[in-house]
Each structure stands twice: as structure tokens, then as C-alpha cells.
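Breakdown of the fold
Here's the letter readout for the chains.
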Amino acid sequence: MPQRDHYTGPSDHAPDRNVQPGATGVLLVNLGTPEAPTARALRPYLAEFLSDRRVIDYPRWLWWPILRVILAIRPRRSAHAYARVWTEAGSPLRVLSETLAIALQAELGDQARVALAMRYGAPSVATKIAELQAAGVRRLLVLPLYPQYSATSTGSVIDAVADTLKQLRWPPELRVVNDYHEDPAHIDALATRIERWWEANGRGEKLLLSFHGIPERYVRLGDPYLAQCQATTARLRARLGLDETQLLLSFQSRVGREPWLQPYTDATVRQLAGEGVKRLDVACPGFAVDCLETLEEIAMQNRDFFIAAGGQELRYIPALNDSPEQVASLAALIRRHAQGWPGFTS
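All of these numbers come straight from a predicted model, not from anything done at the bench.

Examining the environment of Val219
With respect to the helices, strands and loops of the structure, Val219 is situated in helix 7 (residues 216-220). Take Val219: its relative accessible area is 23%, and that puts it in the partly exposed class. In the structure, Val219 is positioned 61 residues away from Ile158 in sequence and 19 Å away in space, judged by C-alpha atoms. Dropping the residues within four chain positions of it, Val219 is found in contact with Ile214, Leu226 and Leu261.

Focus on the packing of aromatic side chains
Applying the stated criterion across every chain yields a total of 4 aromatic pairs. Ring geometry for Phe49 against Tyr120: centres 5.1 Å apart, planes inclined by 65 degrees, an arrangement best described as edge-to-face. Of this pair, Phe49 sits in helix 1 (residues 39-50) while Tyr120 sits in strand 2 (residues 113-120), and the two are 71 residues apart along the sequence. Judged by its relative accessible area of 1%, Tyr120 falls in the buried class.

Examining the packing of helix 1 against helix 2 (residues 60-85)
Put simply, helix 1 and helix 2 touch, their axes get as near as 8 Å, and they point 135 degrees apart. Classified by the interaxial angle, the pair formed by helix 1 and helix 2 is oblique. Crossing hand, helix 1 versus helix 2: right-handed. Side by side, helix 1 and helix 2 meet where Ala39, Leu42, Arg43, Tyr45, Leu46, Ala47 and Leu50 of the first sit next to Trp63, Leu67, Ile70, Leu71, Arg74, Pro75, Arg76, Ser78, Ala79 and Tyr82 of the second. Tallied by class, residues from the contact of helix 1 with helix 2 come to 13 nonpolar, 1 polar and 3 charged.

So, the packing of helix 6 (residues 184-201) against helix 11 (residues 324-337)
At a closest axis distance of 9 Å, the pairing of helix 6 and helix 11 adopts a crossing angle of 175 degrees. Here helix 6 is positioned roughly antiparallel relative to helix 11, judged by the angle of their axes. The residues of helix 11 that touch helix 6, namely those facing Ala185, His186, Ala189, Thr192 and Arg196, are Glu325, Gln326 and Ser329. Each residue belonging to the contact of helix 6 with helix 11 can be placed in one class, and the counts come to 2 nonpolar, 4 polar and 2 charged.

About the cut-offs
- Residues numbered from 1 in each chain as written.
- Predicted model: local features only at pLDDT ≥ 70, side-chain atom pairs only at ≥ 80, totals over all residues.
- Heavy atoms only, no water.
- Helix = DSSP H or I, 4+ residues; strand = E, 2+ residues; numbered from the N terminus.
- Buried < 20%, exposed > 50% of the residue type's maximum accessible area, 1.4 Å probe, protein only.
- Contact = heavy atoms within 4.5 Å.
- Phe/Tyr/Trp six-rings, centres within 6.5 Å; stacked < 30°, edge-to-face > 60°.
- Axes fitted to C-alpha atoms, helices over the stretch in contact; angles between N-to-C directions.
- Parallel < 35°, antiparallel > 145°, perpendicular 65-115°, else oblique.
- Left-handed = near helix turned anticlockwise from the far one by under 90°.
- Nonpolar A, V, L, I, M, F, W, Y, C, P; charged D, E, K, R; others polar.

The analysis is restricted to geometry; functional conclusions fall outside its scope.
Take a look at the structure:
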């Protein structure tokens, strides 16, 4: 019986005839989403997410019993939250990421083939890299849709890409966009989104930037995420002409008992309401597209917290999504990182 080869990949150099061998691929990667807003669909999704050592770094002997309890309780609660934002087309994160990928493909044209993967759930990183390889892609640029680097997000994407490539007999040439938190075009796109929203809806008394949190311990261990969130905030303050009393920074989505990055968003909106702020605008520059954390946690949960504490209006400013500004800024980022590859010469 012949020995099975542990490497995978095309064996005949016969890629899709519509794509020339040696083509460049751009792999966009977002967090992921369950297939449906149900406890049954949430359970495998959460199991994959919460089993990632980049996300939860506790010793396995300690974490596995806790995870079993979480998977018995949390899927039902999370399903309720997802159901509040689910659309006829499906998960907002999946749908909006797909429309962004389509718009980027149109912007890049023949320069590259764009694919979208999810770090958790489907379509997987491995599946999309296999499709690009079958289409003749020999140069791969990975763009995690996280402007600020964290080991829990971009670091995990790099792990998934590496795990896939080490199984290929002929891996493509690889480049990765580590972060784009201070990219001038990205900052300008964020500022333009906020300014146009203010033109259409009026301006609140304060603007709060809410980023996804991570445990404080991760920063002490060397994660640059906090510094990059602060840098994005500083750039936006300067671009919008606001000071530290007008544009504030906070962190959302904490879980567990250990301290996470502070100030916490839920505590901040309550505090601002208690101080007499009646109309608060909130934007989430850490999210490339709208998702559960923006549409349900901010626009619904934290709105309720703000009003219950005495505020009148919490207005969520949508993410960049597939706006022309985001498409143009990401296309420019891709072209810059692909410099020197065929089709991307300066």
C-alpha cells in the first residue's frame, strides 16, 4: 500500500484557466460568526473560539472544566443577542464582510484575486487558501480586518495561516498586514464617516470611541493593542479638532473576573449620563464592519444603560463597512504592502 503524503496541494500545475499561474491573492480575514442565531449553532462556534490559546491562555487543565460550563450556559444567551441583529441575509458581520470583499475586488480589478475567510466558523482560512492555490495564486497577502494588532485577533489569524501553509507542498510567497491603526487614509476614512454622520444627524455633546477589550495581563505580557488604540484615538482627535474632554476612549466586551482594559464602556456611558450628558455619540474604530458587538452591545445594551442612568440619547455611528472611503483606504494599503510583486510595481 503506497504511503500517504502528509502534504496537500495541486499536483499537476493546472490552475483555473481564467487566472494566470503566479497570480496574487488577497485574503481578508474577519473574526467569524455562527451559522444561525440559535444555541445549537452557537455551541460549536463558541467552542472553536474559546479553545484558541491566543484568546484564552489559561492552562488547559484549568480552562477545560470552565469551558464545559460556559458551553452549557452561554450559547442560549448569545443566541438571544444574535437574534436581535440577525437579518434576512444572515449575520451582519458575514454579510458586510462579503460586500466589502466584493467592493475591494472591483477596486483592485486584475491586480489580485480577493477572498474572504473567517477565523472561526465558515469559510475557514484553510478552505480559502486552498481555493486561491487552485486558482493559481503564488503570492498571498493576508489582511486581517483588525486595524489594531492584538495577539487575540491578528496573532490568531497568523497562526491559522501558518497552520495551513505548513501543510502545503508548495506554499505561496507570504506577506501579512500586521496592523493599520495609524494609516493616514484609514484615519481620514474614520473621520469622514463621523463628520458626514454629524452633518446628517447633528452632533452629540461628546464622542466616545469604544474598542473591544482584552485582559490587562495581556498588555503587561507585551501585547501592543492598548498603545495602538490610544494612537488611533489621538489621530482621530487631531483630525476632528477635538480635545480629551470632547473625544473619549473606552473598552467593551469584557468577560470573566480578571481586570480588562479600562475604562469600561458600560461604566463610562453610565458615568457620562450621571454627569449630565444628555446626547452621546459612540463610534467603534476597532471594527471594520458592524457586528454583534456594535449593533447589539453598543447600539442596544449600552444605549439602555445610558438612558437608565439619566441620559436621553446614545447614537451609534456605523462602522466603515463597504463605504467608498474604506474600500479606497484598504485598496491603497494592499497596493503598498504588495509593492514589488507583478502588477504592483511603483
